[in-house]
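This is what each chain is made of:
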Amino acid sequence: MSTVRVSTTINGDAVAYLCEVDETLLDVLRDRLGLTGSKEGCSTGDCGACSVMLDGRVVCSCLVLGAEAEGRDIRTVEGLAAGDKLHPLQEKFLEFAALQCGVCTPGFLVAAKALLDRNPDPSETEIRFALAGNLCRCTGYDKIVRAVQSAAAELRKG
Amino acid sequence: MPLDSNIDPATHKFNLVGTRPLRPDGVDKVTGRAKFGADANAPGMLVGKILRSPHPHARIRSINTAKAAKLPGVKAIVTAADFKEGKRALRDVLCNVMARGKALYDGHAVAAVAATSASVARKALKLIQVDYEILPHVTDVDEAMKPGAPLLHDDMITAHVDPAPKKPSNVAARCEFGHGDPEVGFKQADVVIERSFRTEATHQGYIEPHACLASMGMDGQGELWVCTQGHYMVRNTCAALLGMDVSKLRVTASEIGGGFGGKTTVFIEPVALALSRKAGKPVKIVMSREEVFRASGPTSSSSMDVKIGVTKAGRITGALAEIRMQGGAFAGAPVELGAMSAFACYDLEHVKSVGWDVVTNRPKQAAYRAPGAPMVAFAVESVLDELARKIGMDPIELRLKNAAKEGTQSSYGPKYNRIGLRQCLEATRNHPHYTAPLGPNEGRGVAAGFWFNFGGQTCVSLNINIDGTVALAVGTPDIGGSRASMCMIAAEELGIPYDKVRAIVADTSSLGYNDISEGSRVTFSTGLATIQAARDAIGKLCARAAKTWGISPEAVVWENGHAKPSSPNAGDFAPLSLADIAKKAGNTGGPIAGHFEVNADGAGVSFAIHLADAAVDPETGRVQIKRYTVIQDAGKAVHPSYVEGQFQGGAVQGIGWALNEEYVYGKDGRLQNAGFLDYRIPVASDLPMIDTVIVEVPNPGHPYGVRGVGETSIVPPLAAIANAVSAAADVRLTELPMSPPRVLKAIDGKAAGKARR
Amino acid sequence: MVQVKLSGSFKQAAGRAEVEVEAANIHQLLTRLGQDHPKLKPMLDRGVAVAIDGQIYRDDQFRPIPAGSEVFLLPRLAGG
Ligand code: FES
Ligand code: FES
């Protein structure tokens, strides 16, 4: 299998890696770079556990090739907090008990961040549709939606 | 806090129990630091992959691994021959882990390889040649019971049938529960309704696939990192299958990304260990989602007949259920539990339920949240709903008139202790949801549910640190926030702040045996053991204070985190805090720790009522849940947020089961929808908020009154939604899932029936 | 003497709804039941639970059985 060399930016830092041509970005993040915060729930784009931001858009990193990251900007759950300060979404997820097992949480946080970046005041329905690509089997989504609502309010206060 | 007596949970004022502190594992989980099953790596690690049968039923004539073994990068190959056959009890587990002689379902493991990379491992699988003799198969429960059905096991003689059958069949066992004689009861009834129901198999659908990392040393000592609900079970089972001493295998439970009963057995763990032993290197196996669907435990599918009679005044006079469940290729469908729970909500004179445990060419079922109960509740509560309509009685009223209470002889045998069904029913009737107006094409459904809840073997260790903080080691994997609850309980007992206690899930070599986190047992039994371990430590703390003061230990009491002389007569000493005593521990007798080992029994049954509003689109048959409320008895909610979370999660899994989720088998016996795209679990946009009401009727078997809460919440939804849909569509739905084509068919059938009339 | 109530499959196997055994705890109860009623033996071997006054015991073999208590035999249960 031939390998390619890739230079990219991950959570603001310049990163270079070698990967096989058919290797997914998710595998690169997890297996080559040790960024195991992004999870694999299906590898077919159906669960959203692997969600990352690629140039400001949410993508399923299991559907993106590692090679495609060349020159792009990638943000993962590991880059959400600023230093030792949690992002309001992270805080609200904790406060609202929006996680039970927590395996879906990284994907939800990334997807919710993307939503709030483009729509600071989403309705409940907008939140539900924006998160419809992320599966959670534990919570029934109620507390996740409430956490996102509360984080949005917090962020609007600035 | 008294040291040895139970408190009265109804009147006791708790400091922490009942509050909602942040969970100790929370920050790791929102920052991506938490390590789940697939997140561990080891130097020199190989990748393990499993070859699976494409046939639902086939004799394995031979397996040729020679070509695969020669592929560069392949380090080990294992088949059934690499495992010890061992005791009978383990035979089925082993046969499921690796097919022996026959492949019994599409997805059944037949061989495995370990290689230097995933791509090499995949190539190697393609080079393994398996010579199959394809046999006829059966995947439907009713078909499998017919004489002449393809036979899975030549030696399966139906158990508990007198006289014992002479010939083998696919029926593993019969069971029966009840008292009185339903036929007598039906004669006393004004209205009797009998109906048949069917439910399809569903999968637990945890988002984290099974994953483990095994490492066997040349000295025969092994380590295993795995996402499981029970790492001690994994240790004991794997040790037996690999012929190892239990003490030589150390198993660590990773963070677990959902289980719901599906991670209470072994699948890949013994395989990874066997590969690692052969290769002399660590081996990691992670199931793909397709493998999770094809080869890990779905629940049973069922076919049921229910007959219930009532008087016009709403008294149930007789109840009868016949339940057939297929549990995949091996005996063990949860039909006993289903039959026992069938009528458990009601106080009945004449009741009987009969169950049949059937095998088919499907993956071996694994427990799924209140195993067996939801489908049976679907059938029973549907018939009750219909009866209420027939006699013109409010459905809650009908249930209240027949609700079991303390002293009622349950349909499965014993008399009930203190229970909270009545309180749940009353809370439902008083809830604004119950009387809220409905929109067009909407219907409201209500249903009751019951679950046993379990205790089990539990061991807890609590160490007092030098600075007065506490390290709590439990042995039950945290599947829903239990570390938070355990910290709360320990802090409550010790009288110290919540954040001074840190709980971990210990590995199998650090703490004594613990049963699996299953049966809604963790808050109950690990909680009970934590209370007792804390009380054990308090006894020792008091003894140290007594020593310091030179008085008798009996003259010391523990109050609000301090040792104090019990009365002025005992002496006049300033109270010593936990931290004071901890600091001096090295000079007063050494480390201070509390321990408790127990086989916890007395978990206390629980009941729930669910209320669902469903809108049915008459054109497409699509069902939408408009409003949903869960009312459940928790005994005592330790951390209400996580109790609500259990209620909501169970309800939504039930919504999926009721409306969308099903295993679809083709004529070829292959699973047609082994992925989240075609096996559709509910997403955020499918749902409304899920309202919850926590009812607290203390469990007399627990010092704080705690009852298990994790499972009951999946029992009523199938029926509650079926009742709502039936009301909205004005036709009785008797098959799950109520997917648009099924609902449309029922609506069309009703229209056709009317046209004929 | 302990009166053990049987229902369903247990009742079928023993041929009656109630049997009497001399037992002070669950262990003795199950041992004697197996001796006195060989037809129950296979079911006992498979694993049972015993309910004493409504409280279900799955494993606690040395749990004493108080005089006059209500004792029920159940299949051994497991959850999810
Ligand atoms: S792992 Fe990428 S969407 Fe599921
Ligand atoms: S919290 Fe477990 S899948 Fe969402």
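On a predicted model such as this, the values are computed, not experimentally measured, just so you know.

## Details of the overall build of chain C
Point 1. Each helix and strand in chain C was counted, giving three helices and five strands.
Point 2. Along its sequence from the N terminus, chain C presents helices and strands in the succession β-α-β-α-α-β-β-β.
Point 3. With the C-alpha coordinates aligned to their principal axes, the bounding extent of chain C is approximately 35 × 25 × 20 Å.
Point 4. Going through the 80 residues of chain C one by one, you find that 55% of them count as buried.
Point 5. Taking as baseline every contact in chain C between residues at least 6 positions apart, the subset at least 24 positions apart corresponds to 45%.
Point 6. Surface accessibility of chain C: about 3600 Å² in total, with carbon and sulfur atoms responsible for 49%.

## Topic: the sheet that holds strand 3 (residues 51-54) of chain A
Residues and elements named next belong to chain A.
Point 1. Spatial ordering of the open sheet is given by 2-1-5-3-4, a layout of five strands whose pairing is mixed. Single-partner strands in this sheet number two, and they are strand 2 (13-20) and strand 4 (57-60). Adjacent strand axes in the sheet meet at a mean angle of 40 degrees when their direction is disregarded.
Point 2. Here strand 1 (residues 3-10) pairs with strand 2 via eight bridges, running antiparallel. Its bridge partner being in strand 2, Val-6 is matched across the sheet by Tyr-17.
Point 3. Taken strand by strand, helix 1 (residues 25-32) contacts strand 1, strand 2, strand 3 and strand 5 (73-75), and its axis lies near 105 degrees from that of strand 2.

## Points about the arrangement of the chains
Point 1. Among two pairs of chains with at least one contact, chains A and B form the most extensive contact set.
Point 2. In this view chain A stays clear of chain C, with the nearest C-alpha atoms of the two still 14 Å from each other.

## Considering the interface of chain B and chain A
Point 1. With 49 residues of chain B in contact, the opposing surface of chain A contributes 44 residues.
Point 2. When the two sides are added together, the surface that chain B and chain A hide from each other amounts to roughly 3900 Å², 59% of it contributed by carbon and sulfur.
Point 3. On the chain B side of the interface with chain A, the three residues burying the most area are Val30(B), Ile207(B) and Met689(B), jointly 19% of the side's total.
Point 4. At the junction of chain B with chain A, the criterion picks out four salt bridges.
Point 5. For the salt bridge of Lys143(A) with Glu644(B), the shortest nitrogen-to-oxygen distance reads 2.6 Å.
Point 6. There are 21 residue pairs in polar contact (both at pLDDT 80 or more) connecting chain B and chain A.
Point 7. Contributing elements (two or more residues each) for the side of chain B that touches chain A: helix 1 (26-31) and helix 19 (640-659) of chain B.
Point 8. Counting residues per element, the side of chain B that touches chain A draws most heavily on helix 19 of chain B, which supplies nine residues.
Point 9. Considered class by class, the residues forming the side of chain B that touches chain A number 25 nonpolar, 16 polar and eight charged.

## A few points about unusual backbone geometry
Residue and element names in this part refer to chain B.
Point 1. Going from Leu-736 to Pro-737, the amide bond is cis rather than trans, its omega being -5 degrees.
Point 2. Relative to the helices and strands, Pro-737 is located in the loop between helix 20 (717-729) and helix 21 (740-756).
Point 3. At Asp-730, a position not held by glycine, the phi torsion is positive, near 55 degrees.
Point 4. In this fold, Asp-730 is placed in the loop between helix 20 and helix 21.
Point 5. Of the residues examined, Asp-730 reaches a relative accessible area of 53% and is grouped as exposed.

## Let's talk about the interface of chain B and chain C
Point 1. The partner chain C presents 25 residues to the 36 residues of chain B that form the contact.
Point 2. Between chain B and chain C, the buried area comes to about 2500 Å², and carbon and sulfur atoms account for 49% of it.
Point 3. Between the two partners, chain B and chain C, sit one salt bridge.
Point 4. Note that Lys415(B) is salt-bridged to Glu70(C), the shortest N-O span being 3.7 Å.
Point 5. The interface formed by chain B and chain C includes three residue pairs in polar contact (both at pLDDT 80 or more).
Point 6. In terms of residue count, the dominant contributor to the side of chain B that touches chain C is strand 7 (residues 171-179) of chain B (five residues).
Point 7. Residue composition of the side of chain B that touches chain C, grouped by class: 13 nonpolar, 14 polar and nine charged.

## Describing helix 7 (residues 231-242) of chain B
All names here are of chain B.
Point 1. Taking 1.5 Å of rise per residue, twelve residues should cover 16 Å, and helix 7 covers 16 Å from first to last C-alpha, within 8% of that figure.
Point 2. Across the twelve residues that make up helix 7, a large majority, ten, are buried.
Point 3. Looking only at helix 7, the buried set comprises His-231, Tyr-232, Met-233, Val-234, Arg-235, Thr-237, Cys-238, Ala-239, Leu-241 and Leu-242.
Point 4. Its buried side turned inward, helix 7 meets helix 3 (91-97), strand 10 (222-226), strand 11 (249-253), helix 8 (269-279) and strand 19 (501-505).
Point 5. Positive phi shows up at Gly-243, right after helix 7, with a value of about 65 degrees.

## Some remarks on the environment of Leu40(C)
Residue and element names in this part refer to chain C.
Point 1. For Leu-40, the location among the structural elements is in the loop between helix 2 (26-36) and helix 3 (41-46).
Point 2. Here the alpha-carbon distance between Leu-40 and Ser-9, two residues 31 residues apart in the chain, equals 9.3 Å.
Point 3. Ignoring any residue separated from it by four or fewer positions in sequence, one finds Leu-40 in contact with Phe-10, Ala-13, Ala-14 and Leu-33.

## A word on the packing of aromatic side chains
Residues and elements named next belong to chain B.
Point 1. For the structure shown, the criterion picks out 21 aromatic pairs over all chains.
Point 2. When the ring of Tyr-412 is compared with that of Phe-450, the centres are 5.7 Å apart and the planes differ by 40 degrees; the resulting orientation is tilted. In this pair, Tyr-412 is assigned in the loop between helix 12 (395-402) and helix 13 (421-430) and Phe-450 in strand 16 (residues 442-451), connecting sequence segments 38 residues apart. We note that Tyr-412, like Phe-450, is buried.
Point 3. A connected cluster of aromatic rings, assembled from ring pairs, spans Tyr-412, Tyr-416, Phe-450, Trp-451, Phe-452, Phe-454 and Phe-607.

## Quick notes on the sheet that holds strand 25 (residues 623-633) of chain B
Note: strands within a sheet are paired through backbone hydrogen bonds, in either parallel or antiparallel orientation.
Residue and element names in this part refer to chain B.
Point 1. Sheet architecture is open: four strands sit in the order 16-24-25-26, paired in mixed fashion. The two strands at the open ends of the sheet, each matched to only one other strand, are strand 16 and strand 26 (690-695). When strand polarity is set aside, the average angle formed by the axes of neighbouring strands in this sheet is 15 degrees.
Point 2. Relative to strand 25, strand 24 (residues 606-616) is paired through nine bridges, and the arrangement is antiparallel. Its bridge partner being in strand 25, Ala-612 is matched across the sheet by Tyr-628.
Point 3. Against the sheet, helix 19 touches strand 24, strand 25 and strand 26, its axis set at about 130 degrees to strand 26.
Point 4. Across the sheet, helix 20 touches strand 16, strand 24 and strand 25, and the angle it forms with strand 16 is around 160 degrees.

## Here we look at the environment of Met1(C)
Point 1. By the secondary structure assignment, Met1(C) is in the segment before strand 1 (2-5).
Point 2. The residues contacting Met1(C), other than those within four sequence positions of it, are Glu20(C), Val21(C) and Glu22(C).

## Here's the deal with the pairing of strand 20 (residues 556-559) of chain B
Residues and elements named next belong to chain B.
Point 1. Every second residue of strand 20 is oriented toward a common face, the buried set being Val-556 and Trp-558 and the non-buried set Val-557 and Glu-559.
Point 2. The pairing of strand 20 with strand 21 (residues 562-565) spans four bridges and is classified as antiparallel. When the sheet's bridge partners are listed, Val-556 is paired in strand 21 with Pro-565.
Point 3. Connecting strand 20 to the next strand, strand 21, in antiparallel fashion are two residues, including Asn-560 with a positive phi near 50 degrees.

## Considering helix 13 of chain B
Residue and element names in this part refer to chain B.
Point 1. Of all the positions in helix 13, only Leu-421, Cys-424, Leu-425 and Thr-428 are classed as buried. Mapping the buried residues of helix 13 onto a view down its axis gives an arc of 100 degrees, with all of them on the same face.
Point 2. Elements in contact with the buried residues of helix 13: helix 12, helix 14 (432-435), strand 24, strand 25 and strand 26.

## A few points about the environment of Lys352(B)
Residue and element names in this part refer to chain B.
Point 1. Following the sequence through the fold, Lys-352 ends up in strand 15 (residues 351-358).
Point 2. Judged by relative accessible area, Lys-352 falls into the partly exposed class, the value being 29%.
Point 3. Aside from chain neighbours lying at most four places away, what touches Lys-352 is Glu-176, Phe-177, Gly-178, Pro-182, Ala-319, Leu-320, Ala-321 and Phe-343.

## Thoughts on the side chain of Ser51(A)
All names here are of chain A.
Point 1. Relative to the assigned elements, Ser-51 resides in strand 3.
Point 2. What makes Ser-51 buried here is its relative accessible area of 5%.
Point 3. There is a polar contact of 2.6 Å between the side chain of Ser-51 and the backbone oxygen of Gly-48.
Point 4. Residues within four places of Ser-51 in sequence aside, it is in contact with Ser-38, Val-58, Val-59, Gly-107, Val-110 and Asn-134.

## Thoughts on the packing of helix 19 of chain B against helix 20 of chain B
Residues and elements named next belong to chain B.
Point 1. Put simply, helix 19 and helix 20 touch, their axes get as near as 8 Å, and they point 55 degrees apart. Considering their axes alone, helix 19 and helix 20 lie oblique with respect to each other. For the crossing formed where helix 19 meets helix 20, the hand is right-handed. Between helix 19, through Gly-650, Ala-651, Gly-654, Ile-655, Trp-657, Ala-658 and Leu-659, and helix 20, the contact on the second element is made entirely by Pro-717, Leu-718 and Ile-721.
Point 2. A breakdown of the residues in the contact of helix 19 with helix 20 according to their chemical character gives eight nonpolar, two polar and no charged.

Rules behind the numbers
Residues numbered from 1 in each chain as written. Chains lettered and ligands numbered in written order. Predicted model: local features only at pLDDT ≥ 70, side-chain atom pairs only at ≥ 80, totals over all residues. Heavy atoms only, no water. Helix = DSSP H or I, 4+ residues; strand = E, 2+ residues; numbered from the N terminus. Buried < 20%, exposed > 50% of the residue type's maximum accessible area, 1.4 Å probe, protein only. Contact = heavy atoms within 4.5 Å. Areas by Shrake-Rupley, 256 points an atom, 1.4 Å probe, with all protein chains shown as cover. Pairing = 2+ DSSP bridges. Axes fitted to C-alpha atoms, helices over the stretch in contact; angles between N-to-C directions. Buried area = accessible area lost by both parts, 1.4 Å probe. Salt bridge = Lys/Arg side-chain N within 4 Å of Asp/Glu carboxyl O. Polar contact = N/O pair within 3.5 Å; in protein donor to acceptor, adjacent residues only side chain to side chain. Nonpolar A, V, L, I, M, F, W, Y, C, P; charged D, E, K, R; others polar. Expected span 1.5 Å × (residues − 1). Phe/Tyr/Trp six-rings, centres within 6.5 Å; stacked < 30°, edge-to-face > 60°. Arc of directions from axis to C-beta. Parallel < 35°, antiparallel > 145°, perpendicular 65-115°, else oblique. Left-handed = near helix turned anticlockwise from the far one by under 90°.

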